[in-house]
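So the chains spell out like this:
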Amino acid sequence: MATAQVPVIDLGPWRSGDRAARSRIAARVDEALQAAGFLLVTGHGVDPALPARIREAARAFFRLPPEAKEPYAVSVGGRGWLGPGAEANSYAEGTASPPDLKESWSCAAEEPTGVPAVDAEWFRPNAWPAEVPRLRPLVAEYLTAMRALSDELLELLAVALALPEDHFTRHTGHPTWGFNLNWYPGTEAVGAPLPGQFRIGPHTDFGTVTVLDREPGAGGLQIHTDEGGWQDAPWHPAALTVNIGDLLARWTGDRWRAGRHQVLPPPAHAPAEELVSLVYFYECDAHTRVESLPAPVGRVAHEPVDSHVYLRAKLDAITVP
């Protein structure tokens, strides 16, 4: 169910080229991103069978015994398996908490730019689990769709601000991105939640746009708004959930809010609930200068930041030593 603050945006009319329809959609997007920083997007063209196949393959990996997964263990920002206790997202907003109750398989941009220092930090080769060989080609197909969709969304967002369509995508010629398959097992795997412990603690994402394919659940996604506080995120079976991250919020001079969210712990009334989310974090070209749009578009003038100095600091903050 969509809400007034998180509407369903059908990309079909946006793609049709009808000026009036595109204008209405852009205005609706601007309104929603000011309110909550979230959208539900339909008409995106992603084959619904593809995420289902990815989930099946991901579960096959996550259900392996720990000793089979351990050779792939990495820390936040690495390529491979983020095991239990590796990450605590609430630290991104300066709040201490126990580690998040999840495991992730993580991959990221790997096509080199030719700049050695940039490639060594941001474009390293991905790892893939030999035990589940079908995972890699499925994810590769999905990532191709996500890259194209994210650029299309950034074009829509530029138009929503009455800017040239390429205002943001001129900075995504060779972008960084991250992709997490997040596994949220039940309490039989993670134990009873500690006080203040979540599947993912309260935070905002760090980049430009995040595209999420999620399963609904009692211990699922919640979003935060000034008006409503914490509330269950709306869900639509054909929609992807899209939120903007810190870099894009800063870019807009906080006209749009980075979508603050959390994932609840396994619920007491459904302790065996198990969910898998597909999370695509889009960013921009390495070391882009992100400078706030001035009034009347922007509302707050942030100091300009180097996009990837900012991203590295946030990734370090959520890493559990």
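Residues numbered from 1 in each chain as written. Predicted model: local features only at pLDDT ≥ 70, side-chain atom pairs only at ≥ 80, totals over all residues. Heavy atoms only, no water.

**Student:** Help me out: how do you make sense of the sheet that holds strand β9 (residues 229–232) in this one?
**Tutor:** By way of backbone hydrogen bonds, the strands of a sheet pair with one another, either parallel or antiparallel. Spatially, the 4 strands line up as an open sheet ordered β6-β11-β8-β9, and their pairing is antiparallel. At either margin of the open sheet sits one strand with a lone partner, and together these are β6 (200–203) and β9. Adjacent strand axes in the sheet meet at a mean angle of 20°, parallel and antiparallel pairs treated alike. Note that β6 and strand β11 (residues 261–263) share 2 bridges and pair antiparallel. Bridging from a neighbouring strand, His 203 pairs with His 261 of β11. (Pairing = 2+ DSSP bridges. Helix = DSSP H or I, 4+ residues; strand = E, 2+ residues; numbered from the N terminus. Axes fitted to C-alpha atoms, helices over the stretch in contact; angles between N-to-C directions.)

**Student:** So what exactly am I meant to see when it comes to the packing of aromatic side chains here?
**Tutor:** For any pair of aromatic rings, the description rests on two quantities: the centre-to-centre distance and the angle between the ring planes. This structure, assessed with the given rule, holds 9 aromatic pairs. With centroids separated by 5.0 Å and ring planes inclined at 75°, the aromatic side chains of Phe 61 and Trp 105 adopt a geometry described as edge-to-face. Remark: Trp 105 occurs in strand β4 (residues 103–108) and Phe 61 occurs in helix α3 (residues 49–62); sequence separation between them is 44 residues. Through a chain of ring-to-ring contacts, three or more aromatic side chains come together here, namely Phe 61, Phe 62, Tyr 72, Trp 105 and Trp 183. When the ring centre of Trp 14 is taken as origin, the NZ or CZ atom of Arg 22, which lies over that ring, is 3.8 Å away. The ring of Trp 122 has Arg 312 lying over it, and the distance from NZ or CZ to the ring centre is 4.4 Å. (Phe/Tyr/Trp six-rings, centres within 6.5 Å; stacked < 30°, edge-to-face > 60°. Lys NZ or Arg CZ within 6 Å of the ring centre and 35° of its normal.)

**Student:** Please clarify how the sheet that holds strand β1 (residues 8–10) should be interpreted in this entry.
**Tutor:** Strands sit in the order β1-β2-β10-β7-β12-β5-β4-β3 across an open sheet of 8 strands; the sheet is mixed. In this open sheet, the two strands that pair with only one neighbour each are β1 and β3 (80–82). Going from strand to strand, the sheet's axes swing by 25° on average, the running direction of each strand aside. In terms of strand pairing, strand β7 (residues 209–213) meets strand β10 (residues 240–244) through 4 bridges, oriented antiparallel. Across the sheet, the residue bridging to Thr 210 is Asn 243, located in β10. Across the sheet, helix α2 (residues 19–35) is in contact with β1, β2 (38–42) and β10; its angle to β2 comes to roughly 145°. With respect to the sheet, helix α6 (residues 135–160) is in contact with β2, β4, β5 (175–184), β7, β10 and β12 (275–285), its orientation differing from that of β12 by roughly 55°. (Contact = heavy atoms within 4.5 Å.)

**Student:** Before we go on, may I ask you to explain the nonpolar core in this structure?
**Tutor:** If you look at soluble globular proteins, the nonpolar side chains tend to sit buried side by side. Residues Leu 157, Phe 179 and Leu 181 are the most contacted members of the largest nonpolar core, which totals 73 residues. A per-element tally of this core places α6 first, with 13 residues. Filtering out sequence-adjacent residues up to four positions away, Leu 157 remains in contact with Val 29, Leu 33, Phe 168, Val 209, Ile 244, Leu 248 and Trp 256. Counting 14 residues, the second-largest nonpolar core is a separate cluster that includes Phe 38, Ile 200, Leu 212 and Leu 221. (Core = buried A, V, L, I, M, F, W, Y, C linked by side-chain atoms within 4.5 Å. Buried < 20%, exposed > 50% of the residue type's maximum accessible area, 1.4 Å probe, protein only.)

**Student:** What is the right way to look at the pairing of β4 in this model?
**Tutor:** Residues in a regular strand point their side chains to alternate faces of the sheet. The buried count for β4 comes to 6 of 6 residues, which makes it a mostly enclosed element. Burial along β4 is two-sided: the residues Glu 103, Trp 105 and Cys 107 and Ser 104, Ser 106 and Ala 108 are all buried. Here β3 pairs with β4 via 3 bridges, running antiparallel. Paired with Leu 82 across the bridge in β4 is Ser 104. The sheet contact formed by β4 and β5 spans 6 bridges and is antiparallel. Bridging across to β5, Trp 105 finds its partner in Leu 181.

**Student:** Would you take a moment to explain the environment of Glu 165 for this structure?
**Tutor:** Structurally, Glu 165 can be placed in the loop between α6 and β5. Between the alpha carbons of Glu 165 and His 308 there is a distance of 23 Å; along the sequence they are 143 residues apart. Excluding residues that lie within four positions of it along the chain, Glu 165 makes contacts with Trp 14, Arg 22, Leu 154, Glu 155, Ala 158 and Val 159. Only 2.9 Å separates the side chain of Glu 165 from the side chain of Arg 22, close enough to count as a polar contact. (Polar contact = N/O pair within 3.5 Å; in protein donor to acceptor, adjacent residues only side chain to side chain.)

**Student:** Looking at this structure, how should I read the environment of His 302?
**Tutor:** Secondary-structure assignment places His 302 in the loop between β13 (289–290) and β14 (305–306). Considering only alpha carbons, one finds His 302 and Asp 254, 48 residues apart in sequence, at a separation of 8.6 Å. The residues contacting His 302, other than those within four sequence positions of it, are Arg 250, Asp 254 and Ser 292.

**Student:** Just checking my understanding: could you explain α6 for this structure?
**Tutor:** Think of an α-helix as 3.6 residues a turn; residues three or four steps apart then line up on the same face. Along its 26 residues, α6 runs 36 Å from first to last C-alpha, staying within 8% of the 38 Å computed at 1.5 Å per residue. Phi for Ala 162, located one or two positions after α6, is positive at around 60°. (Expected span 1.5 Å × (residues − 1).)

**Student:** What am I meant to see in the pattern of salt bridges here?
**Tutor:** Pairs may arise between side chains of opposite charge once their charged atoms sit close together. Counted by the stated rule, this structure contains 18 salt bridges. When the shortest N-O distance is used, the salt bridge between Glu 274 and Arg 63 registers 3.0 Å. One end of the pair, Glu 274, is in the loop between β11 and β12; the other, Arg 63, is in the loop between α3 and α4 (66–69), with 211 residues separating them in the sequence. On the basis of relative accessibility, which here comes to 55%, the residue Arg 63 falls in the exposed class. Across the salt bridge formed by Lys 102 and Glu 87, the nearest N and O atoms sit 3.2 Å from each other. Residue Lys 102 is found in the loop between β3 and β4, and its partner Glu 87 is found in the loop between β3 and β4; the two are separated by 15 residues along the sequence. Since its relative accessible area comes to 5%, Lys 102 is described here as buried. (Salt bridge = Lys/Arg side-chain N within 4 Å of Asp/Glu carboxyl O.)

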